[in-house]
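Residue-level listing of the chains:
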Amino acid sequence: MTESQFSCVHACKNTCATLNEALRKETAMVKSYESIVDDCIIPEVKNFMEELVDEKRRVILRLIQKLNEIHVRSQAIDGITSSFNNVDG
């Protein structure tokens, strides 16, 4: 799937397709940066690339945190919904 082929389906349940796609792309970018930074012999460029890797890792952590928040919220809503469905009427 290319960048232009991604389309959010708006059918999120316990997760988010948009955040998962962003996570996939950020992870791929970190792997790409890591693979080239080791070959760099210019300290200034190497340090810059290492900083970019660190920034991308922080972005990845934020994406994971948001996905976890969505999952927890969805579970709470499911619990509330099921409690109403189990009421004897």
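Here we summarise the structure given alongside this text. Since we're looking at a predicted model, the values are computed, not measured.

**Structural notes on helix α1 (residues 17-37)**
With 21 residues, α1 extends 30 Å from end C-alpha to end C-alpha; this agrees with the ideal 30 Å at 1.5 Å per step. Taken together, the buried positions of α1 are L19, E21, L23, E26, V30 and V37.

**What about the nonpolar core?**
Of all hydrophobic cores here, the largest spans 9 residues; its members are C16, L19, L23, V30, V53, I60, L63, L67 and I70. Counting residues per element, the ones that place at least two in this core are α1 and α2 (43-85). For this core, the element with the highest residue contribution is α2, accounting for 5 residues.

**Comments concerning the pattern of salt bridges**
Across all of its chains, the model carries 6 salt bridges by this definition. Between R24 and E21 there is a salt bridge, and its shortest N-O distance comes to 2.7 Å. In this pair, R24 and E21 both sit in helix α1, 3 residues apart, roughly one turn of the helix. R24 sits in the partly exposed class, given a relative accessible area of 43%.

**Quick look at the side chain of E21**
Its relative accessible area of 11% is what places E21 among the buried residues. A distance of 2.7 Å separates polar atoms of two side chains, one belonging to E21 and the other to R24.

**Some thoughts on a nonpolar patch on the surface**
There is a patch of nonpolar side chains on the surface, built from I41, I42 and V45 and spanning about 310 Å² of accessible area. For V45, the position within the fold is in helix α2. Of the residues examined, V45 reaches a relative accessible area of 37% and is grouped as partly exposed.

Each value, and the rule that gives it
- Residues numbered from 1 in each chain as written.
- Predicted model: local features only at pLDDT ≥ 70, side-chain atom pairs only at ≥ 80, totals over all residues.
- Heavy atoms only, no water.
- Helix = DSSP H or I, 4+ residues; strand = E, 2+ residues; numbered from the N terminus.
- Expected span 1.5 Å × (residues − 1).
- Buried < 20%, exposed > 50% of the residue type's maximum accessible area, 1.4 Å probe, protein only.
- Core = buried A, V, L, I, M, F, W, Y, C linked by side-chain atoms within 4.5 Å.
- Salt bridge = Lys/Arg side-chain N within 4 Å of Asp/Glu carboxyl O.
- Polar contact = N/O pair within 3.5 Å; in protein donor to acceptor, adjacent residues only side chain to side chain.
- Patch = residues over 30% accessible without salt bridge, like charges linked within 9 Å, V, L, I, M, F, W, Y side chains within 5 Å.
- Areas by Shrake-Rupley, 256 points an atom, 1.4 Å probe, with all protein chains shown as cover.

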